[in-house]
Structure formats: C-alpha cells, structure tokens
Amino acid sequence: MTIEGLTAELNKIRADLKTLIALVQKMRGEQKKFFQTRINAYLVSSKELERQVDNEMKRLNEDYNFVPKQQKLFLI
C-alpha cells in the first residue's frame, strides 16, 4: 500500500473514532441528566444513543476486524 493509501486509511479511522467518541459523549450526557432528574425523555434519548453506539461499534468491528471472531471449541 502506498503512503497516500495509508494516509487515507488513517484519516478514515480518525473520522470513525471521532464519530464514536461524539456519540458516546452525547449518550453519557443524557444518562447523567436522567440520573440527576429522572426525567423519562432523557432515558429514552440515552437508550436511542446506546443503540447508535452499539451499531457504530458493530460497523467498526466489521470494517476493521478489531475483535476476532470466536473460534469453535468443538468440531462436532
């Protein structure tokens, strides 16, 4: 792979991480607001953000294979 290709890949990884970090920060903010106030709207919002975080982590794992798939212990 060329230097330009590696640079482009690194920039994509950085952008993906920024997206994930921003989502997690928003999610944690909504969770904190909920636990401080017990207002249901914050709970609903934090749950939606949790789904988005989970989806983003799944996508990142599929794109970059960060976590290897578990191998089968038994061949049967």
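Residues numbered from 1 in each chain as written. Predicted model: local features only at pLDDT ≥ 70, side-chain atom pairs only at ≥ 80, totals over all residues. Heavy atoms only, no water.

Participant: Describe the side chain of D16, and please don't skip the residues or the numbers.
Facilitator: Tracing the chain through its elements places D16 in helix α1 (residues 3-37). In contact with D16, other than residues within four places in its own chain, are E56, R59, L60 and Y64. (Helix = DSSP H or I, 4+ residues; strand = E, 2+ residues; numbered from the N terminus. Contact = heavy atoms within 4.5 Å.)

Participant: Please provide a residue-by-residue account of the pattern of salt bridges, values included.
Facilitator: Following the criterion strictly, the structure yields 7 salt bridges and no others. Measuring nitrogen to oxygen at the nearest pair gives 3.2 Å for the salt bridge that ties D16 to K12. Note that D16 and K12 are positioned in helix α1 at a spacing of 4 residues, about one turn of the helix. Classification of D16 as buried rests on a relative accessible area of 10%. Note that R59 is salt-bridged to D16, the shortest N-O span being 3.0 Å. Separated by 43 residues along the polypeptide, R59 in helix α2 (residues 40-64) and D16 in helix α1 bring together distant segments of the chain. Connected through salt bridges with shared partners, the residues K12, D16, E56, R59 and D63 form a single ionic network. (Salt bridge = Lys/Arg side-chain N within 4 Å of Asp/Glu carboxyl O. Buried < 20%, exposed > 50% of the residue type's maximum accessible area, 1.4 Å probe, protein only.)

Participant: Requested: an account of α1, with residues and values cited.
Facilitator: For α1, which comprises 35 residues, the first-to-last C-alpha distance of 51 Å matches the rise-based estimate of 51 Å (1.5 Å per residue) to within 8%. For α1, the set of buried residues is D16, L20, L23, M27, E30, Q31 and F34. Close packing links the buried residues of α1 with α2. Following α1 by one or two positions, R38 adopts a phi angle in the positive range, close to 60°. (Expected span 1.5 Å × (residues − 1).)

Participant: Mind laying out the nonpolar core, listing which residues take part and the relevant values?
Facilitator: The biggest cluster of nonpolar side chains holds 7 residues, and these are L20, L23, M27, L49, V53, L60 and Y64. Among the secondary structure elements, those contributing two or more residues to this core are α1 and α2. Contacts of L60, omitting those with residues within four sequence positions, involve D16, L20, N65 and F66. (Core = buried A, V, L, I, M, F, W, Y, C linked by side-chain atoms within 4.5 Å.)

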